[in-house]
Amino acid sequence: MAESGMILINGLSIGGGGGLTVGIELTRALAQARPGWAIGLLLTRGHPLHEEASDVTWPAGVKLIWADPSTRQRQARDRYEARMLPKLVEDRGVRVLIQLNGMMPCGRVRVPVICHHQDPWPYRYQAWFSWKHHLIAWFKRRRHRRSLRDATWLTFTSEYLMQTVTTHHGFDTKRCSVLPNGLPDHLYEEAHREQIDPRADEILTVSNVSPYKQQWRVIEALAELDQRGHKGVSYRVLGGGAKEDLDALVERAKTLGLSDRVAVEGRVATERITWAYRRARIFALPSQCESFGIPAIEAMAFGVPVVVADCCALPEVTGDAALHADPDSTTALANAIERLLTDRDLAKTLIERGRERIHRYRWSDSGVKLAEIIEKF
């Protein structure tokens, strides 16, 4: 394949911190894998999350392309993809389009399209809480079906997600690849640093805040642990979310008499997240809807033993380097946390396994794999 023309990555649908991480890191990894390629990342001007990409140090060859602020809304975004995206593809000499939402663009583009799936939400009824959610999930599944039929190639962040989507729609995986998330290279250096000991008696969750992420269940588990005599343990939540969801966590902690031991900080700077990883004793991610679970392997890199929900892609990604708890049981989560609080040998074993396991997931490897897929066309 000739190396002229641009690879365009459509990130207009990015709506959360995890999606932004994938968009940024996959773009950087592709640029590092193929330094001679021109790569564009399409984002929404004025979007408070997308604008964070302006502060990133990008490899040579990467260009941020900004769409009108109105594309923050889904209907306006669909109109943009129908009318403006085909023109953008033609004007920029785009040779491959990568869609980060797993869906074909609304307009017709005359180049190969790779649809990258990174969200199991449309297939996880546990994450729907209203009739509107049911309708949105149906709409997204319908568009996923079109991508399975029409895309040149499809990529998925995990084997779990690939099997979930293709099985639901009755398609085979002949044009599919698993393109896992990973860690930036500097975090592998972190994994070899000496662990800080003793750490604070603190449980940490780094994730967007939503009812299905189940930070509320960690608060309830903390109340159970309190009754068992673990009164010095605290809980810190880092991650953005709707104000009502953040406020609900604060209110739950207040109701359980844990206000002084639960900190809900919202979306914070990278330096604050690093600080929290370095001091936490346990990392918990009891989410009921994950296509990968980047924070779990981030915690492993920082030498934090991990507890995750026994569902979705989390067991696949963490393997025997984490404890897996029933996502529907507060007591099961409390039991897993208590094991790590009281069994230092178990915690040490998980830390060692985690430091090994993270080497399976490198953005640089995924960048090479994506480049090789592009070169097929």
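Residues numbered from 1 in each chain as written. Predicted model: local features only at pLDDT ≥ 70, side-chain atom pairs only at ≥ 80, totals over all residues. Heavy atoms only, no water.

Caption draft 1: Representation of the overall build of the chain. Across its full length, the chain holds 14 helices and 13 strands. Taken along the three principal axes of its C-alpha coordinates, the chain extends 65 × 45 × 40 Å. Expressed as a percentage of the 377 residues in the chain, the buried residues total 58%. Pairs at least 24 apart in sequence give 70% of the contacts found in the chain among residues at least 6 apart. Element-wise, carbon and sulfur atoms account for 48% of the exposed surface of the chain, whose accessible area totals about 16400 Å². Each charge class in the chain was averaged separately, 51 positive and 46 negative side chains, and the resulting centres sit 6 Å apart. (Helix = DSSP H or I, 4+ residues; strand = E, 2+ residues; numbered from the N terminus. Buried < 20%, exposed > 50% of the residue type's maximum accessible area, 1.4 Å probe, protein only. Contact = heavy atoms within 4.5 Å. Areas by Shrake-Rupley, 256 points an atom, 1.4 Å probe, with all protein chains shown as cover. Lys, Arg positive; Asp, Glu negative; His and termini not counted. Charge placed at Lys NZ, Arg CZ, Asp CG, Glu CD.)

Caption draft 2: A nonpolar patch on the surface, seen in detail. A cluster of nonpolar side chains, contributed by Trp131, Leu135 and Trp138, occupies part of the molecular surface with about 420 Å² of accessible area. By the element assignment, tryptophan 138 lies in helix α4 (residues 131–150). (Patch = residues over 30% accessible without salt bridge, like charges linked within 9 Å, V, L, I, M, F, W, Y side chains within 5 Å. Salt bridge = Lys/Arg side-chain N within 4 Å of Asp/Glu carboxyl O.)

Caption draft 3: Summary view of the pattern of salt bridges. As enumerated under the stated definition, the model contains 24 salt bridges in all. For arginine 74, the salt bridge goes to aspartate 78, with nearest N and O atoms at 3.3 Å. Of this pair, arginine 74 and aspartate 78 are both found in helix α2 (residues 74–83), 4 residues apart, which corresponds to roughly one turn of the helix. A network of salt bridges, in which partner residues are shared, links Glu202, Arg236, Glu265, Arg272 and Arg279.

Caption draft 4: Layout of the sheet that holds strand β2 (residues 38–44). Spatial ordering of the open sheet is given by β3-β2-β1-β4-β5-β6-β7, a layout of 7 strands whose pairing is parallel. One side of each edge strand has no neighbouring strand; the edge strands of this open sheet are β3 (62–67) and β7 (176–178). Along the sheet, successive strands turn relative to each other by an average axial angle of 25 degrees, direction set aside. Across the sheet, helix α14 (residues 363–374) is in contact with β1 (6–10), β4 (94–99), β5 (113–117), β6 (153–156) and β7; its angle to β4 comes to roughly 130 degrees. (Pairing = 2+ DSSP bridges. Axes fitted to C-alpha atoms, helices over the stretch in contact; angles between N-to-C directions.)

Caption draft 5: Region of interest: the packing of helix α7 (residues 215–227) against helix α12 (residues 330–342). It is the contact of α7 with α12, at a shortest axis distance of 9 Å, that shows an interaxial angle of 65 degrees. Here α7 runs over α12; the crossing is right-handed. In this structure, α7 contributes Arg217, Val218, Glu220, Ala221, Glu224 and Leu225 to the contact, and α12 contributes Thr330, Thr331, Leu333, Ala334, Ile337, Glu338 and Leu341. Of the residues that constitute the contact of α7 with α12, the class distribution is 7 nonpolar, 2 polar and 4 charged. (Left-handed = near helix turned anticlockwise from the far one by under 90°. Nonpolar A, V, L, I, M, F, W, Y, C, P; charged D, E, K, R; others polar.)

Caption draft 6: Quick peek at the side chain of arginine 236. The residue arginine 236 is located in strand β9 (residues 234–238) in this model. With residues up to four places along the chain from it excluded, the contact list for arginine 236 reads Glu202, Ile203, Leu204, Thr205, Ala263, Glu265, Arg272, Trp275, Ala276 and Arg279.

Caption draft 7: Structural detail: the packing of aromatic side chains. Tallied over the full model, the rule gives 4 aromatic pairs. With a centroid separation of 6.1 Å and an interplanar angle of 40 degrees, the aromatic rings of tyrosine 277 and phenylalanine 283 are classed as tilted. The buried category is assigned to tyrosine 277, whose relative accessible area is 2%. According to the relative accessible area criterion, phenylalanine 283 is buried, its value standing at 0%. With a centroid separation of 5.2 Å and 90 degrees between ring planes, the pair formed by phenylalanine 292 and tyrosine 361 is classed as edge-to-face. (Phe/Tyr/Trp six-rings, centres within 6.5 Å; stacked < 30°, edge-to-face > 60°.)

Caption draft 8: Region of interest: α7. In a regular helix each residue adds 1.5 Å, so 13 residues correspond to 18 Å; α7 covers 19 Å between its end C-alpha atoms and thus fits that length. When α7 is considered as a whole, its buried residues turn out to be Gln215, Arg217, Val218, Ile219, Ala221, Leu222, Ala223, Leu225 and Asp226. Buried residues in α7 make contact with β8 (202–206), β9, α8 (243–255), β10 (262–266), β11 (282–285) and α12. One or two positions beyond α7, positive phi appears at glycine 229, with a value near 105 degrees. (Expected span 1.5 Å × (residues − 1).)

Caption draft 9: Geometry of the sheet that holds β8. Sheet architecture is open: 6 strands sit in the order β10-β9-β8-β11-β12-β13, paired in parallel fashion. Looking at the sheet topology across the chains shown, the edges are occupied by β10 and β13 (322–325). Strand-to-strand, the axes of this sheet are offset by a mean angle of 20 degrees, without reference to chain direction. Pairing analysis gives 4 bridges linking β9 to β10, with the strands arranged parallel. The residue bridging tyrosine 235 from the neighbouring strand is valine 262, located in β10. Each of β8, β9, β10 and β11 touches helix α9 (residues 270–279); the most contacted strand, β9, lies at about 150 degrees to it. In this fold helix α10 (residues 294–301) packs onto β8, β11, β12 (306–309) and β13, with an angle of close to 170 degrees to the strand it touches most, β12.

Caption draft 10: Structural view of the nonpolar core. Ranked by internal contacts, the top residues of the largest apolar core, which has 93 residues, are Leu8, Leu30, Leu42, Ile98, Phe283 and Ile374. A per-element tally of this core places helix α1 (residues 17–33) first, with 8 residues. Counting 30 residues, the second largest nonpolar core, distinct from the first, contains Leu222, Leu246, Leu323 and Leu340. (Core = buried A, V, L, I, M, F, W, Y, C linked by side-chain atoms within 4.5 Å.)

Caption draft 11: Region of interest: α8. Helix length check: α8 (13 residues) gives 18 Å between terminal C-alpha atoms against 18 Å at 1.5 Å per residue, within 8%. Within α8, the full set of buried residues consists of Leu246, Leu249 and Ala253. Down the axis of α8, the buried side of the element spans an arc of 55 degrees, and every buried residue falls inside it. Of the exposed residues in α8, the ones pointing more than 90 degrees away from its buried face are Lys243, Glu244, Lys254 and Thr255. Here the buried face of α8 lies against α7, β9 and β10. (Arc of directions from axis to C-beta.)

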